[in-house]
Every structure is written in C-alpha cells, then in structure tokens.
Amino acid sequence: MEKVAFIINPFSAKKNYQPFLNELKAKVQNPLYYISESILGTDDFIQKHFHEIDIFVAIGGDGTISTVARNLINTEKILAIFPAGSGNGFSNETKFSKNLDELLEKLNAKKSRKIDTFTINDRLSINVSGTGFDGKVVKEFEKTNRGFKNYIKVSLKTFFSYKPIKVKFFDEKYKEYNGKYLMVNIANTRQFGNNAYIAPNASKSDGLVDMVLVKKFPLTYSPLFAFRMFTKKLKDDDYITYLPVSEIEFKVNTKNWHLDGEFNKIKSPIHVKVLPSSLNILI
C-alpha cells in the first residue's frame, strides 16, 4: 500500500468516519491518509503526493469523489472509492462497496480502466449534474442533515411550488426542444444515487452523455415516474426526452445547478462537453 493514498471527507457519512479509519489502520500498516479540511486542502494534498502515489482513494460521496477526480483527469493516476455519501451514485455505478476488505483486494490487484467525464462551463462532473427542480432540491437539501428521508421530504415540498425553467438551444437541430422544463439533467452514468435511475441507458464509456429533459408532470404521473426511475425503466414519453450528445450549448433562465449533487451557481450560456476516456478508475 506504499503507493496508495486515502482522502477522507470528514463531513460525509453523517460525520462518522472514525470506524473506517480504525479499520483501515488495523488492516494496513501506516496508511497514508488525509482528513480533508477543504477542497483546496484536498488539491494541495494530491499535488504534494502526486508523483509518489499511483492510486488515490476518495472516502465520501459524489462531491468528494469529483473533487479528487479533477486532479487526476487525463493522467495515468487511478481513482478508487470507499462510498460514504448520502446517495453514492457514482460508486454504485463503478461497483465500489462499503467493504474495506473488498477494496483492499482491488488495490492489491491494481487493475484499472478509462471512463468518460464531462464539463459544464469547464467545471468537471463525473456522474449526473442538473438544473431546474433538482438543482433547487440540492440547494434546500444542503440545509438539512442529508439522508434519503430528508431528500424525499425536500423533493415533495419543492415539487408543488417550483416553476418550470426555460431552455433555449443554439444548434438548429435541437431547437424543436426549446421550451419549459421541470428539470434538465446531464447524465454520464445511469443514476443520481440511492438507485434512482434517471438515465437507464447512459454509459460512462461511449463518448456521450444523456441530456434528460423532464417536463413538469401532473401529480397523477408521479407514482409512474418514481416506479420507472427505481426500476431502470424511464424512457422517452410525453414528459421525458433523452438526447445523447458529446457536446451541446444552450441557455437556461436559472443559475442554480448541482454538479454531482453539490450546489453550484452557473451562468448561461451553458456549454456541455464530454471528455472521453479521461479518468482512470480502479476495477
């Protein structure tokens, strides 16, 4: 494990990282680890150890993983994950579990593969990012103690009061999709997290992202939407449109976005671009 570094987000997993750290110290002799104080601190730690470390392990949720990943883009360094977030969408999609023995086996085998990532106005995303309803939900969710139950509560409360956003595409071939939407998601993988599959046909290694346009639907459609989302059966219908793209530009009349579940302010125009085979991930 001399060429492995562990980066712990102490605010993930309900701020209870100590059991993981205790187990790590019991099973790995003198592990190199960093308890992150900030995004800048994480960046500094990675750069300090960049040349001596082959594998960086992110212990946290999608936001933590994305912070580590952005330092490894277009390099041969390998990203590994111990999921400790509220949704764990990206770790679910890349087959990392909350089993340290399993992770240590993978680290010893040291096998990896390249996957795609993408940017929104040059800001990195590795999983699913979006604006509209879910951007607002993430903003309100960050005011809570997180957790799946709070996510559902915030989602329901927001749904009834949220006014659709307006989207306008620059490219002629997409102008038929100009209009009002409940939310717009850019999906590199299939799920938000918690096994909620917003883009069940998305692939993280095809050079494309799925742009998911969701119109505001009546309350009577909600059970069907939820059922399809949790059973990987969402598809094009009267309320949902999927656009597989490698690059796209559009305007939207809100600055509220989430990037991999972390709230961000992003001004239009919006430029989405896939970075094919840009991240080396442990398998």
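Each remark here, short or long, concerns the structure printed above.
Residues numbered from 1 in each chain as written. Predicted model: local features only at pLDDT ≥ 70, side-chain atom pairs only at ≥ 80, totals over all residues. Heavy atoms only, no water.

J.: Looking at this model, I keep getting lost on the environment of Arg70. Mind explaining?
T.: Mapped onto the elements, Arg70 comes out in the loop between helix H3 (62–69) and strand E4 (78–83). Here Arg70 falls in the partly exposed class, since its relative accessible area comes to 44%. Sequence separation between Arg70 and Leu124 is 54 residues, and the spatial gap between their C-alpha atoms is 6.5 Å. Ignoring sequence-local partners within four residues, the contact set of Arg70 consists of Ile39, Asp43 and Leu124. (Helix = DSSP H or I, 4+ residues; strand = E, 2+ residues; numbered from the N terminus. Buried < 20%, exposed > 50% of the residue type's maximum accessible area, 1.4 Å probe, protein only. Contact = heavy atoms within 4.5 Å.)

J.: Which parts of the structure should I look at to understand H3?
T.: Because an α-helix packs 3.6 residues into every turn, residues spaced three or four apart end up facing the same way. Within H3, eight of the eight residues are buried, which leaves it mostly tucked inside the rest of the structure. For H3, the complete set of buried residues consists of Asp62, Gly63, Thr64, Ile65, Ser66, Thr67, Val68 and Ala69.

J.: So what exactly am I meant to see when it comes to the sheet that holds strand E12 (residues 240–245) here?
T.: For sheets, the rule is that strands pair by backbone hydrogen bonds, running either parallel or antiparallel. Taken together, the six strands give an open sheet; going across it, the order is E12-E11-E10-E7-E14-E15, and neighbouring strands pair in antiparallel fashion. Both outer strands of the open sheet, E12 and strand E15 (262–265), are each paired with one neighbouring strand and no more. For this sheet, the mean angle separating the axes of adjacent strands, direction not counted, is 20 degrees. In this sheet, E12 lies alongside strand E11 (residues 209–214) in antiparallel orientation, the contact comprising six bridges. What sits directly across from Leu213, in E12, is Thr241. Each of strand E7 (128–132), strand E10 (183–187), strand E14 (256–259) and E15 is contacted by helix H6 (residues 133–141), which is oriented at about 100 degrees to E7, the strand it contacts most. (Pairing = 2+ DSSP bridges. Axes fitted to C-alpha atoms, helices over the stretch in contact; angles between N-to-C directions.)

J.: What is the right way to read unusual backbone geometry from this model?
T.: Most peptide bonds take the trans configuration, and most residues that are not glycine carry a negative phi. In this model, Ser268 is joined to Pro269 through a cis peptide bond whose omega is 5 degrees. Although it is not a glycine, Lys110 sits at a positive phi angle of roughly 60 degrees. Following the sequence through the fold, Lys110 ends up in the loop between helix H5 (100–109) and strand E5 (112–120). Unlike most non-glycine residues, Lys232 shows phi in positive territory, near 60 degrees.

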